[in-house]
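Coordinate inspection notes
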Amino acid sequence: MTAQSNTTNSGNEKTFLGHPRGLIILFFTEMWERFSYYGMRGLLIIYLTQHFLFSDEKSTILYGAYTALVYVMTIIGGSLADRYLGTRKAVTFGAILLVMGHIGMAFEGSGSKELMTYSDQEYQLTLDGRGGDARQIIKTEKGQSYVKFGNQTLEIGNAAALGLPSKLGGFDYEIVNGDKELQSKNKTVKTLTYNGEEYQLVEQGESDKKTLTIEKDGVKGTVVKSDNRAMTFGTNPTLYLSASYQLGPQVPTKINGFDYTLVDSETQGATEIRTIQYAGNEYTLTKTGNGGEATYLMEGDKGESEVQLKAPHDLKISSGEALGLPAVIEGDEYQNRIERQEMYVNILYLSLALIIAGVGFLKANISTIVGSLYGFGDTRRDSGFTLFYMGINLGSLLSSLTCGIIGIVWGWAYGFGLAGIGMVLGLVIFIWKSEWLEGKAEPPNPAKLKEKVFAFLNYEWMCYLIGVGIIAISMFFVMNAEIMGDIFGFLGIGMFLILVAYAIIKLEGDERHRMFAAIYFILAQIPFWALFEQAGSSLNLFTDRLVDRSMMGWIVPAPVFQSLNAGYIIIFAPILAWLWSFLAKRKLNPPTPVKFAFGVFLCGFGFLALVGGIEASGEVGYTAVYFIFLIYLLHTLGELMVSPVGLSAVTKLAPAQAVGMTMGAWFLYSGLSNFLAGVIAKTTGAETIGGQLTDVAAAKATYADVYTNVSYVAMGIALFMLIISPLIKKLMEGAE
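All figures in this text were calculated on a predicted structure; none of them were measured in a lab.

1. Overview of the overall build of the protein
When its secondary structure is counted, the protein shows 18 helices and 29 strands. For 736 residues, the compact-globule estimate of 2.2 N^0.38 gives 27 Å, and the C-alpha radius of gyration of the protein, at 29 Å, lies within 12% of that figure. Taken along its principal axes, the extent of the C-alpha atoms in the protein is 95 × 65 × 60 Å. Among the 736 residues that make up the protein, the fraction classed as buried is 52%. Contacts in the protein between residues far apart in sequence, at least 24 positions, make up 71% of those at least 6 positions apart. Accessible surface computed for the protein: about 32,500 Å², of which carbon and sulfur atoms make up 59%. Averaging the positions of the 55 positive and the 66 negative side-chain charges in the protein gives two centres separated by 11 Å.

Shown next as structure tokens:
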């Protein structure tokens, strides 16, 4: 009788769609929590680089530390809930912290300023908007102008023997990467072209001991490179063409303002007609109307295309000459500095720390509540978790489509504010109908919570005080993200030794074998998440800056592409679940170690596919957007082979008395993987001014190099995992 009652809902249980009605509360609470988390995550890396003007390197390592701490702190939040608070109180406390964190993110201040000093005058270098379509402008007392950056100014020794002037201006020469066979570990060779003659620019040595020389026909000269790049000024806006193919195959969907020239202009009432020259051909650009209601049409011999201007319609742009600036300012003629509002920078750090602590108390515990709604052997459990995880992906999908657009188009505060509103809704829903949980999430010992730990402090408030400590620790590490590498290294090695020692000393026989298999899966997740989690950092920046995001006449903001992962999961998770079941009935279902190997391989292969797109677009061209769809598809399919089966395998393989320890290890190494993702992303860092690239070719080359290396490493690891999969399967001793 007992077994029967556990497999079906009892007669007096209130249900919704056949499931305990508490599930609907948890569904919407988690949906809105994920809405807030992923909505903020999609904007964060662009916000750090453009609003606070952190370098790519600092932004990506900070991002990695933040996501790593989110995973690690779930260990503490889950432990406190299990021993003292109970899951309902822990989730409520976590949700409150999350609301506070997201509200804090909306306090952005006026942003950091990049200031340039030239001829004893100070100017601001900034952007005319947000996201990858924003352009660099210089602000003066007389107005503002678009800025184009050239190369560094070069002072050359032995110049006469080389047939060069002693000083090369930043727009006097062109430079491209040299042949691959000329490169080595501490030597970089580039080809410099001046007046039609080619020279080799050779950089050798490590860090501050590097030397730079220029060579031709056996003659060498020393080179001193300016810290900054030469700049020139212009007035032409960027043109975004919705049907560029109708103008001819040579016309791209995006034409930079410095790539075309104004030949003629005339006004006829409310219509302004401009003749422009691009790539040797003339086109007519017609503007009809004024302000934000203006429309633009570009016409050529072969057809026409509607045109969008992304710059604010009320932005007044003047020529450098009108602003009292020379035609060119060389890189050695000015200095840059960044001025930050420290109060708002600290608000950022505190907000991230609040979110870390909030997720730590909420994330693991809300999943525990879902499990507690079903009795042992209840056949509805799996479908209940499926519905719950659908809420996670629905929240992620909606947030990327809303917060990502609003944050870029309307303003950072609006995007982060919307994410905060989502978390408020989640908190309200959870508190409003918490009685629907029917006491399944209460403290294990309510009386214990009231007992005094010391003086006036009881156990419940001790847990909340530990939460405050998590906030303080998290804020410290977010502010000092660089030091986390060593800490994670020691923690990772220490946890590995503990797991191995436990398996050898405490276990024997099949239990020991299964524990070793669990350790394998805990470690095998690292290469996957280290690459997969590029999505929010380096891949997000790449999509923002170097991808042609034009789709059906709309320039899609980069954070929107974060929705692809959730969308693909919603589509493919049921298909793969059916496939595994179909194959299992025919005894063809791949073992868990094989699925893991394929997951890691697909993640590496995704980056290799993207590199193909980068190389196909040329040295300075924008990568086609369908390569972004492709990499997210491959990564999502990989995720579906790693994430669900990994957690399931660890819980099945670990002995009952060590499940908590092994799950803690899983989350610890997940955190380590996320920090490693930040370390990898840091190596893709590019030179920026105002948060926007100054050298597209160099940035593309760096991305291609890093992504090629990590893809080969990941696929090599996957091949090794596939080779040893029979051994791992044997260690599992049938616990598939």
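Now that the structure has been shown, we can carry on.
2. Some words on the environment of Thr232
Inspection of the secondary structure puts Thr232 in strand β12 (residues 219–234). When its relative accessible area of 17% is taken as the criterion, Thr232 is described as buried. With near-sequence residues (within four places) excluded, Thr232 lies in contact with Tyr146, Val147, Lys148, Phe171, Phe258, Ala327 and Val328. Side-chain polar atoms of Thr232 contact the backbone oxygen of Ala327, separated by 2.8 Å.

3. Some details on a nonpolar patch on the surface
On the surface, Phe476, Ile483, Ile487 and Leu491 cluster together to form a nonpolar patch covering roughly 330 Å² of accessible area. Looking at the element boundaries, Leu491 is found in helix α11 (residues 484–506). Note on Leu491: relative accessible area 42%, which makes it partly exposed.

4. Observations regarding the packing of helix α3 (residues 56–85) against helix α10 (residues 459–479)
Helix packing geometry: the angle between the two helix axes and the distance between the axes. Between α3 and α10, whose axes approach to 10 Å, the crossing angle comes to 165°. Relative to α10, the element α3 lies roughly antiparallel. α3 and α10 meet at a crossing whose hand is right-handed. Of the residues in α10, those in contact with Lys58, Leu62, Ala65, Leu69, Met73, Ile76, Leu80, Tyr84 and Leu85 of α3 are Tyr459, Glu460, Met462, Cys463, Tyr464, Ile466, Ile470, Ile473, Ser474, Phe477, Val478 and Met479. Looking at side-chain class alone, the contact of α3 with α10 contains 18 nonpolar, 1 polar and 2 charged residues.

5. Re a negative patch on the surface
A contiguous patch of negative charge on the surface is contributed by Glu508, Asp510, Glu511 and Glu733. Within the element layout of this structure, Glu508 appears in the loop between α11 and α12 (509–532). Given the relative accessible area of 64%, Glu508 is considered exposed.

6. Some details on the environment of Gly553
Topologically, Gly553 is positioned in the loop between β25 (550–551) and β26 (554–555). Accessibility expressed as a relative area gives 23% for Gly553, which makes it partly exposed. Excluding anything up to four places from it in sequence, Gly553 contacts Ser242 and Gln308.

7. Things to note about helix α18 (residues 696–732)
Along α18, the helix axis deviates most sharply at Ile724, where the bend reaches about 50°; the proline Pro726 sits within four residues downstream. Structurally, the start of α18 carries an N-cap: the backbone nitrogen of Ala697 is 3.3 Å from a side-chain oxygen of Asp695. Following α18 by one or two positions, Glu733 adopts a phi angle in the positive range, close to 50°.

8. Observations concerning the side chain of Ser399
Locating Ser399 in the fold gives a position in helix α7 (residues 381–409). Its relative accessible area of 0% is what places Ser399 among the buried residues. Look past the residues within four positions of Ser399 in its chain and what remains in contact with it is Arg34, Phe35, Tyr38, Gly39 and Gly404.

9. Observations concerning the pairing of strand β15 (residues 260–268)
Put simply, side chains in a regular strand alternate between the two faces of the sheet. Where β15 and strand β16 (residues 271–278) come together, 8 bridges link them in antiparallel fashion. By the bridge assignment for β16, Thr267 is matched with Glu272. The antiparallel hairpin formed by β15 and β16 contains 2 residues in its connecting segment, where Gly269 sits at a positive phi of about 65°.

10. With respect to the packing of helix α4 (residues 87–105) against α10
The interhelical angle for the contact between α4 and α10, taken along N-to-C directions, is 35°, at an axis separation of 12 Å. Every pair of crossing elements has a handedness; the one defined by α4 and α10 is right-handed. Between α4 and α10, the residues in contact are Lys89, Phe93 and Leu97 and Glu460, Tyr464, Gly467 and Ile471, respectively. Its residues assigned to classes, the contact of α4 with α10 comprises 4 nonpolar, 1 polar and 2 charged.

Calculation notes
- Residues numbered from 1 in each chain as written.
- Predicted model: local features only at pLDDT ≥ 70, side-chain atom pairs only at ≥ 80, totals over all residues.
- Heavy atoms only, no water.
- Helix = DSSP H or I, 4+ residues; strand = E, 2+ residues; numbered from the N terminus.
- Rg over C-alpha atoms; globule rule 2.2 N^0.38 Å.
- Buried < 20%, exposed > 50% of the residue type's maximum accessible area, 1.4 Å probe, protein only.
- Contact = heavy atoms within 4.5 Å.
- Areas by Shrake-Rupley, 256 points an atom, 1.4 Å probe, with all protein chains shown as cover.
- Lys, Arg positive; Asp, Glu negative; His and termini not counted.
- Charge placed at Lys NZ, Arg CZ, Asp CG, Glu CD.
- Polar contact = N/O pair within 3.5 Å; in protein donor to acceptor, adjacent residues only side chain to side chain.
- Patch = residues over 30% accessible without salt bridge, like charges linked within 9 Å, V, L, I, M, F, W, Y side chains within 5 Å.
- Salt bridge = Lys/Arg side-chain N within 4 Å of Asp/Glu carboxyl O.
- Axes fitted to C-alpha atoms, helices over the stretch in contact; angles between N-to-C directions.
- Parallel < 35°, antiparallel > 145°, perpendicular 65-115°, else oblique.
- Left-handed = near helix turned anticlockwise from the far one by under 90°.
- Nonpolar A, V, L, I, M, F, W, Y, C, P; charged D, E, K, R; others polar.
- Bend = angle between axes of the 7 residues up to and from the residue.
- Pairing = 2+ DSSP bridges.

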